[in-house]
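Given next are the chains, with one letter for each unit.
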Amino acid sequence: KINIISTFILLAKICLCSIDQDKYLELNKVKKQAYLTADKCGEVFMCNIFNREYNALEDCYIKDRSSSNIIINGDEYTNPDNCPNFHRSAYVKGVECYLTSNGKTKIGNSNKGNARYYSIDYFNRRVLTEWGWCEYEHLN
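None of the values given here were measured: they were computed from a predicted structure. Along each chain, numbering runs from 1 in the same order as the chain's sequence is written. Local features in a predicted model are, by the rule used here, given only for residues with pLDDT of at least 70; side-chain atom pairs are given and counted only at 80 or more, and totals for whole chains, interfaces and linings are based on all residues. Side-chain numbers here rest on the full set of heavy atoms in the structure, without hydrogens or water.

Asker: Would you mind going over the nonpolar core in detail, with residue names and values included?
Answerer: Put simply, buried Ala, Val, Leu, Ile, Met, Phe, Trp, Tyr and Cys residues joined by side-chain atoms within 4.5 Å make one nonpolar core. Exposure categories follow from relative accessible area, calculated using a 1.4 Å probe and restricted to protein chains: below 20% of the type maximum is buried, above 50% is exposed, and the middle band is partly exposed. One finds Leu-27, Leu-36, Val-44, Met-46, Tyr-118 and Leu-128 to be the most contacted residues of the largest nonpolar core, which totals 16 residues. Numbering of helices and strands starts at the N terminus; helices are DSSP runs of H or I of at least 4 residues and strands are runs of E of at least 2. For this core, the elements supplying multiple residues, two or more each, are β2 (25-27), β3 (35-39) and β4 (44-51). Among all residues touching Leu-36, those that are not within four sequence positions of it are Tyr-24, Leu-25, Leu-27, Val-44, Phe-45, Met-46, Pro-80, Tyr-118, Leu-128 and Thr-129. Residues Phe-45, Cys-47, Cys-60 and Ile-70 belong to the second largest nonpolar core, which totals 11 residues. Any two residues whose heavy atoms approach within 4.5 Å at even a single point are treated as in contact.

Asker: Describe the packing of aromatic side chains, listing the residues and the values that go with them.
Answerer: The relative placement of two aromatic rings is captured by the distance of their centres and the angle of their planes. The criterion for an aromatic pair is that two Phe, Tyr or Trp rings (for Trp, the six-membered ring) have centres within 6.5 Å, with stacked assigned to planes under 30 degrees apart, edge-to-face to planes over 60 apart and tilted to the rest. Within the structure shown, the criterion is met by five aromatic pairs. Between Tyr-35 and Phe-50, the aromatic rings sit 6.1 Å apart at their centres with planes inclined by 50°, giving tilted as the arrangement. Taken together, the positions of Tyr-35 in strand β3 and Phe-50 in strand β4 put the pair 15 residues apart, joining distant regions of the chain. Note on accessibility: Tyr-35 and Phe-50 belong to one class, buried.

Asker: Provide a residue-level description of the environment of Ile-72, including the pertinent values.
Answerer: Relative to the helices and strands, Ile-72 is located in the loop between β7 (70-71) and β8 (77-78). Since its relative accessible area comes to 5%, Ile-72 is described here as buried. Spatially, the C-alpha atoms of Ile-72 and Tyr-24 are 8.3 Å apart, while their sequence positions differ by 48 residues. Apart from the residues within four sequence positions on either side, Ile-72 is in contact with Lys-23, Tyr-24, Thr-37, Asn-55, Ala-56, Leu-57 and Tyr-77.

Asker: Any chance you could break down the state of the cysteines for me, citing the residues and the numbers?
Answerer: Put simply, a disulfide is two cysteine sulfurs that come within 2.5 Å. Enumeration according to the criterion identifies three disulfides in this entry. Between the sulfur atoms of Cys-47 and its disulfide mate Cys-60 the distance is 2.1 Å. Measuring the twist about the S-S bond at about 110°, one finds the Cys-47-Cys-60 disulfide to be right-handed. In this pair, Cys-47 is assigned in strand β4 and Cys-60 in strand β5 (residues 56-62), connecting sequence segments 13 residues apart. This pair shows no difference in class: Cys-47 is buried, exactly as Cys-60 is. In the chain, the bonded cysteines, taken in the order they occur along the sequence, pair up as 1-4, 2-3, 5-6.

Next comes the structure, spelled out in structure tokens:
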């Protein structure tokens, strides 16, 4: 029963914290603009700007490394929710979350509890969730 309840809560959080834009997720429960996209279901990028004129994500990062701008077209990039390898969860602390894994740019706060994550930074003890890079207590 606990697993069913945890799964339901996780799904509710996923539904309420992002907007599916086909090739990327728009995070709508954070204080700053933020977007997630995955390179062929591999690396996950956290970006700060969506440029509608060029259909591009800008000011992007992989963990704490700056990345080039991402043109969203073709099949190279996808919404990370559509990738089966990202169906993992962690128990997040319910504290500030960041644009990068090293905690340099605050973008909002997470709820305390289980959250789906797309990438992990073991050194900084953060997972990339739909709230940004958040500290975790344990992986599920």
